[in-house]
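Fold and geometry: a report
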Amino acid sequence: QVQLVESGGGLLQPGGSLRLSCAASGRTFSSIAMGWFRQAPGKEREFVAAISWRGGRTYYAETVKGRFTISRDNAKNTVSLQMNSLKPEDTAVYYCAAGTGPHYSGSYKSFASWGQGTQVTVSS
């Protein structure tokens, strides 16, 4: 099982940028898809972005498309989420997730391991 540790969360003003990182342990990292999810207070966890095992395919929620970019470095076992033009509605705990296979299937069930989460707060 892959172990995941997120970092990079914080408090910032609307319109700002933030980069989240996720460090993964385990030999299977380079062969599995990775994703980011978020959960705001009182809401269900929702999909944000995913990336295939080699990084050739990326997937985004409509709410973040054009503002967020997911990337991965298989040599370093890391996946990142660059977030630009942040809005108050982006406020949530962000979770890194490790997939069960090389591609994202469109369901959260594609992911078997989760990090502990990192808080992102966007407020003026």
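Before any of the text, the structure's been laid out above.
Residues numbered from 1 in each chain as written. Predicted model: local features only at pLDDT ≥ 70, side-chain atom pairs only at ≥ 80, totals over all residues. Heavy atoms only, no water.

A few words now on unusual backbone geometry. Its identity as a non-glycine residue notwithstanding, asparagine 77 has a phi of 55 degrees, on the positive side. Mapped onto the secondary structure, asparagine 77 falls in the loop between β7 (68-73) and β8 (78-83). When its relative accessible area of 19% is taken as the criterion, asparagine 77 is described as buried. Positive phi is not limited to glycine here, since serine 85 has a value of about 50 degrees. Along the chain, serine 85 turns up in the loop between β8 and β9 (92-99). Judged by relative accessible area, which is 41%, serine 85 ranks as partly exposed. (Helix = DSSP H or I, 4+ residues; strand = E, 2+ residues; numbered from the N terminus. Buried < 20%, exposed > 50% of the residue type's maximum accessible area, 1.4 Å probe, protein only.)

Here we take up the sheet that holds β7. If you walk across this open sheet you meet the 4 strands as β1-β3-β8-β7, and the pairing is antiparallel. The sheet terminates laterally at β1 (3-7) and β7, the two strands that pair on one side only. Pairs of neighbouring strands in the sheet enclose a mean axial angle of 15 degrees, with direction left out of account. For β7 and β8, the ladder comprises 6 bridges, and the chain directions are antiparallel. Looking at β8, one finds that phenylalanine 68 is bridged to methionine 83. (Pairing = 2+ DSSP bridges. Axes fitted to C-alpha atoms, helices over the stretch in contact; angles between N-to-C directions.)

Aromatic ring pairs: the centre-centre distance and the angle between the two ring planes describe each pair. Per the stated rule, a full pass over the model turns up 7 aromatic pairs. Plain terms: the ring middles of phenylalanine 47 and tyrosine 104 are 4.7 Å apart, the flat faces sit at 10 degrees to each other, and that makes the pair stacked. Here phenylalanine 47, found in strand β5 (residues 46-51), pairs with tyrosine 104, found in the loop between β9 and β10 (111-114); they are 57 residues apart in sequence, far enough to count as distant. For the pair formed by phenylalanine 47 and tyrosine 104, the shared burial category is buried. Counting every residue linked through ring pairs, the aromatic cluster contains Phe37, Phe47, Tyr59, Tyr104, Phe111 and Trp114. Here the basic side chain of arginine 45 rests over the ring of tyrosine 95, its NZ or CZ set 3.8 Å away from the ring centre. Its guanidinium or amino end placed over the ring of phenylalanine 29, arginine 72 lies 4.6 Å from that ring's centre, counting from NZ or CZ. (Phe/Tyr/Trp six-rings, centres within 6.5 Å; stacked < 30°, edge-to-face > 60°. Lys NZ or Arg CZ within 6 Å of the ring centre and 35° of its normal.)

Our next topic: the state of the cysteines. By the definition in use, this model includes 1 disulfide. The side chain of cysteine 22 participates in a disulfide bridge whose partner is cysteine 96; the two sulfur atoms lie 2.2 Å from each other. Torsion about the S-S bond of the cysteine 22 and cysteine 96 cystine: about -80 degrees, corresponding to left-handed handedness. Taken as a pair, cysteine 22 in strand β3 (residues 18-25) and cysteine 96 in strand β9 lie far apart in primary sequence, 74 residues in all. Each of the two residues, cysteine 22 as well as cysteine 96, counts as buried. (Disulfide = S-S within 2.5 Å.)

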